[in-house]
Amino acid sequence: MLAKALPRPCSGAADGDALRRRAAAAPGSLGSVGLTTGGVKTRRGGGAGVKLVVAAARPRPTSVVPAAAAAARDRTEAVPAAPAPAPVDGKNVFNGSASAVPGINKLVTSTVGKSTNILWHECPIGQTERQKLLNQKGCVVWITGLSGSGKSTLACAVARELHSRGHLSYVLDGDNVRHGLNKDLGFKADDRAENIRRIGEVAKLFADAGLICIASLISPYRSDRSACRDLVPSSSFIEVFLNVPLEVCEARDPKGLYKLARAGKIKGFTGIDDPYEPPSDCEIVIQCRVEDCPSPKSMAEQVVSYLEANGFLQN
Ligand SMILES: Nc1ncnc2c1ncn2[C@@H]1O[C@H](COP(=O)(O)OS(=O)(=O)O)[C@@H](OP(=O)(O)O)[C@H]1O
Ligand SMILES: Nc1ncnc2c1ncn2[C@@H]1O[C@H](COP(=O)(O)OP(=O)(O)O)[C@@H](O)[C@H]1O
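Let me sum up the structure you'll find in this document. No experiment lies behind these values; they were computed from the predicted model shown. (Residues numbered from 1 in each chain as written. Chains lettered and ligands numbered in written order. Predicted model: local features only at pLDDT ≥ 70, side-chain atom pairs only at ≥ 80, totals over all residues. Heavy atoms only, no water.)

## A look at the overall build of the protein
Piece 1. Along its length, the protein carries nine helices and eight strands.
Piece 2. Expressed as a percentage of its 315 residues, the buried residues of the protein come to 46%.
Piece 3. The long-range share in the protein, meaning contacts at least 24 apart out of those at least 6 apart in sequence, stands at 73%.
Piece 4. By element, 57% of the accessible surface of the protein is carried by carbon and sulfur atoms, the whole surface being about 15,200 Å². (Helix = DSSP H or I, 4+ residues; strand = E, 2+ residues; numbered from the N terminus. Buried < 20%, exposed > 50% of the residue type's maximum accessible area, 1.4 Å probe, protein only. Contact = heavy atoms within 4.5 Å. Areas by Shrake-Rupley, 256 points an atom, 1.4 Å probe, with all protein chains shown as cover.)

Right under this line is the structure:
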């Protein structure tokens, strides 16, 4: 759907399974952050989803649509015609017996998670129309890195640069979203996963709105980031790894959290006694070394150049 992606520059990082969540890192240790140039890997947005509504006058829907597919929506994929499926949890359900409610007996509802009997409602104004209006393409710029690596700074610098060029973006910062939508979540692996999942879903909506959505959160687990990638067409998920050594982040320590973590006053702090899995297959790596870190402006330019080269800043 979107312009071709450039080769992803990160690969060869430590095996994800070996670094699985809950496998707490040894104090002070991180997964390998050695990076080499990787090739393009085309991922179909598994998130591509389903059009579940079949109007009364239309042919009957096919077979049961898998729950995983039902969880996401790809309006480009039509559901072929076939006999009505039997009601199965997590699947489409042919709604109602033949004549129970006139006019709606041929609608197909689905069960997604705990939501039963739900229907996808299509609007005539879609992403294409919104993108035309904004003269840009909706996408998700996902910035991952340690606490103190400069994620928020970079996110804001990218937003500023885009704004100055007349493009609409929105920053979803982990810290900020935890002030509202995600204030019920802590920092255990499951809570982080839910934090990331929700931000991924919100980012998907913003991208569908036609915005350049910049998500900046630690998102330490590869599998969680990958699940967010799968929510949108693969070329419109741009993962940016802020590869900043732990010692640099710790020296910055703008909130004093590393100090508290080292003192054992914060448990499960990423990079200290909780793992960080560096991306193995991301679009952009921003490398910062001790005493040699690019300025936020030049980092932002790297990201904006990618967006430009890949056709996101036009429609
Ligand atoms: N245990 C622990 N580990 C890591 N970070 C912690 C922790 N406790 C609080 N904080 C503060 O929360 C910010 C990270 O929130 P995120 O939503 O980005 O985290 S995550 O993606 O769910 O892992 C993070 O903000 P940033 O420094 O901006 O990354 C910290 O300030
Ligand atoms: N490129 C950079 N060079 C030098 N210092 C930076 C850079 N980016 C961010 N900083 C500083 O590092 C600290 C952490 O930045 P921040 O954006 O809050 O990181 P994060 O959101 O990853 O926790 C801040 O004091 C910020 O001013």
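## Considerations on helix H5 (residues 189-208)
Piece 1. Relative to the 28 Å expected for 20 residues at 1.5 Å per residue, H5 spans 28 Å between its end C-alpha atoms, a close match to the ideal helical length.
Piece 2. Every buried residue belonging to H5 is among Ala189, Arg192, Ala193, Asn195, Ile196, Arg198, Ile199, Gly200, Ala203, Lys204 and Ala207, and all of these are buried.
Piece 3. Packed against the buried residues of H5 are helix H2 (127-134), strand E4 (139-144), strand E5 (169-173), helix H4 (174-177), strand E6 (212-216) and helix H6 (222-229).
Piece 4. One or two positions beyond H5, positive phi appears at Gly210, with a value near 100°. (Expected span 1.5 Å × (residues − 1).)

## Section: the site of ligand 2
Piece 1. Among the 15 residues in the neighbourhood of ligand 2, the closest are listed as Gly148, Lys151, Ser152, Thr153 and Pro294.
Piece 2. Between an oxygen atom of ligand 2 and a main-chain N or O atom of Ser149, the distance comes to 3.2 Å.
Piece 3. Here a nitrogen atom of ligand 2 sits 3.5 Å away from a polar atom, N or O, in the side chain of Arg252.
Piece 4. The fraction of the free accessible surface of ligand 2 (560 Å²) that becomes covered by protein chains is 71%.
Piece 5. Of all the elements in the fold, those that place two or more residues in the shell around ligand 2 are helix H3 (151-164) and helix H9 (296-309).
Piece 6. Per-element accounting of the shell around ligand 2 gives the leading share, three residues, to H3.
Piece 7. Its residues assigned to classes, the shell around ligand 2 shows six nonpolar, seven polar and two charged. (Near = heavy atom within 4 Å. Polar contact = N/O pair within 3.5 Å; in protein donor to acceptor, adjacent residues only side chain to side chain. Nonpolar A, V, L, I, M, F, W, Y, C, P; charged D, E, K, R; others polar.)

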